[in-house]
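# Fold and contact review
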Amino acid sequence: MHGLRVSTLGMAMNSRFALIFGGLAAVVIVGVVAGFAWLHFHKAPADGDLVYGDAPILRLNPDQHGGTIFRAGITADGSLMVTAGSDDVIKIWRVRDMEVVNTLRVPISNDAAEDPAAAGLRAVDISPDGRFIAAAGQARSDDTYRLLLLDAATGEIVQDLLNAKGIITDVAFSPDGQSLAAGLYACDGQEGECADESNGLWIWRSDNWRQPSYRDTNYGGRINGIAFNGAGDLFTTSYDGQLRRYGADQLTLQDFLPSPVPARPVAEQYDPDILPYDLDVSPDGAQVLVGFVNDQDQDAPAALTLYRASDLAPIQDLYIGDLVGDDGDRVTATVVNGVGFSNSGAYVYASIAQHQSGVSDKKIRRWALAEPRSHIDYDICTSQTIIQVLPY
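Residues numbered from 1 in each chain as written. Predicted model: local features only at pLDDT ≥ 70, side-chain atom pairs only at ≥ 80, totals over all residues. Heavy atoms only, no water.

## Points about the overall build of the protein chain
Of the regular secondary structure elements, the protein chain holds one helix and 33 strands. Counting across all 392 residues of the protein chain, residues that qualify as buried make up 55%. Within the protein chain, residue pairs in contact and separated by at least 24 positions form 46% of the contacts whose partners lie at least 6 positions apart. For the protein chain, the accessible area works out to roughly 16,400 Å², and carbon and sulfur atoms hold 48% of it. (Helix = DSSP H or I, 4+ residues; strand = E, 2+ residues; numbered from the N terminus. Buried < 20%, exposed > 50% of the residue type's maximum accessible area, 1.4 Å probe, protein only. Contact = heavy atoms within 4.5 Å. Areas by Shrake-Rupley, 256 points an atom, 1.4 Å probe, with all protein chains shown as cover.)

## What about the layout of surface pockets?
Here the largest pocket is characterised by a volume of approximately 1,000 Å³. Lining the largest pocket are 41 residues, and of these Ile74, Phe228, Asp280, Leu390 and Pro391 sit closest to its centre. Among the elements of the structure, strand S7 (69–74), strand S11 (120–126), strand S15 (167–173), strand S19 (223–228), strand S23 (275–281), strand S29 (335–341) and strand S33 (385–391) are those that each provide at least two residues to the lining of the largest pocket. Looking at the lining of the largest pocket residue by residue, the class counts come to 23 nonpolar, eleven polar and seven charged. (1 Å grid on protein atoms, 1.4 Å probe; cavity = no way out; pocket = protein on both sides within 12 Å on 5 of 7 lines; lining within 4 Å. Points joined across faces, edges and corners; volume = space filled by probe spheres on them. Nonpolar A, V, L, I, M, F, W, Y, C, P; charged D, E, K, R; others polar.)

## Here's the deal with the confidence of the model for the protein chain
On average, residues of the protein chain score 77 in pLDDT, and 72% of them are at 70 or above. Of the regions scoring below 50 in pLDDT, residues 8–47 engages in 141 contacts with residues more than four places distant in sequence or in other chains. Residue range residues 189–193 is modelled with pLDDT below 50. Its contacts to residues more than four positions away, or to other chains, number one contact. (pLDDT = per-residue confidence, 0-100.)

## Focus: the nonpolar core
Among soluble globular proteins, nonpolar side chains are generally buried collectively. Core analysis: the biggest nonpolar cluster contains 19 residues, and Leu147, Leu161, Leu162, Ile168, Val171 and Trp204 have the highest contact counts within it. At the level of secondary structure, the elements contributing two or more residues to this core comprise strand S12 (132–138), strand S13 (145–151), strand S14 (157–164), S15, strand S16 (179–185) and strand S17 (200–205). For Ile168, the residues in contact, after removing those within four places along its chain, are Arg122, Ala123, Ala136, Tyr145, Arg146, Leu147, Leu162, Ala182, Gly183 and Leu184. The next biggest cluster of nonpolar side chains, apart from the first, holds 16 residues, and it includes Leu304, Leu306, Ile320 and Val339. (Core = buried A, V, L, I, M, F, W, Y, C linked by side-chain atoms within 4.5 Å.)

## Digging into the sheet that holds S11
Read from one edge of the open sheet, four strands run S11-S12-S13-S14, paired in antiparallel fashion. Bordering the open sheet on either side are S11 and S14, each of which pairs with just one other strand. Direction aside, the axes of adjacent strands within the sheet are offset by 15° on average. Strand direction decides the pairing type here: S13 and S14, joined by six bridges, are antiparallel. By the bridge assignment, Leu148 is partnered in S14 with Asp160. (Pairing = 2+ DSSP bridges. Axes fitted to C-alpha atoms, helices over the stretch in contact; angles between N-to-C directions.)

## A word on the sheet that holds strand S18 (residues 214–216)
Reading across the sheet, the four strands line up as S15-S16-S17-S18 and stay open at both edges, with antiparallel pairing between neighbours. Lying at the two open borders of the sheet, with one neighbouring strand each, are S15 and S18. Ignoring which end each strand starts from, the neighbouring axes of this sheet average 15° apart. Note that S17 and S18 share three bridges and pair antiparallel.

## Quick word on the pairing of strand S24 (residues 287–293)
For S24, a buried count of six out of seven residues is recorded, marking the element as mostly surrounded by other parts of the structure. Pairing analysis gives five bridges linking S24 to strand S25 (residues 304–308), with the strands arranged antiparallel. Within S25, the residue paired with Gln287 across the bridge is Arg308.

Right, dumping it as structure tokens:
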């Protein structure tokens, strides 16, 4: 199965989207509080471009989430997708027809019940074989954040992996399903020691879910992205401005610490305050794609950069270009949130935006790596922020 999944995080009204370009008809699914809308496309031509169909079909699905959808994950074969959000509910979807096959309810806190935007499940992933789900969020009334390993078929808690003061920002299973990684932060913008000793990267192995097999607490900011390659090497981005690589063999050594490299684009003209956000690893494991955001200067451009996976040396920047705002004027693309490689590795996708929350300035942009200065756009027509892009 081939397609592109896009998760979007809304800026207001708790409306959230989860979009998918998938299947032979390249279906787009838009999930909002009111339901799911299916917009069907013609089959993609040989060059891979998606073409709108003559008669889009709208379908409402009553099995939608009751609040914000924060994250999604998909199995290795692309048959099942999980979504999680502020309603403390995990939904498992059969991708071929986007039917809900299971709904798992996670214990919620008092804060989550009163203000779903302030709590709920913030991270989720499903194991490659679809057996397990890892879900994290604010799930207790004492303001701790909890990471749970669930049985995907029954919803039973297999292991209560972690309880911490810091927010668990991302979780990811390794391609073989034998490892689970989680990123946590509790010290963004603070000087000196972190507010909680659980800050940083956590790894568990399937042969002993009860105890983490590896930890790295040497992060000076939140972990934004976690990605494995096929060999089990792990890569992370962080708001401390660093890009890190953990070799699969190194993750077996509890005292190993990586040598972070500054995450910077190749070109020198980018703003010094630019920060790495999401990342993805190419199918062959040779390259890492990093998207950058510029939180300090709304007029300074964001960046999208390829790195060599073996030593994290920057290879090239992909040309982002400008966007067209709601008023028709061109605006600078200052945010690159979700990024992803195509299954073939020949293309990369990224969500591009400008800090001001308009409708016209949110795009999914695709580059052919053979032509990094040219791109095509997919118009989403949303004022929501697209935070996750996952071709499958």
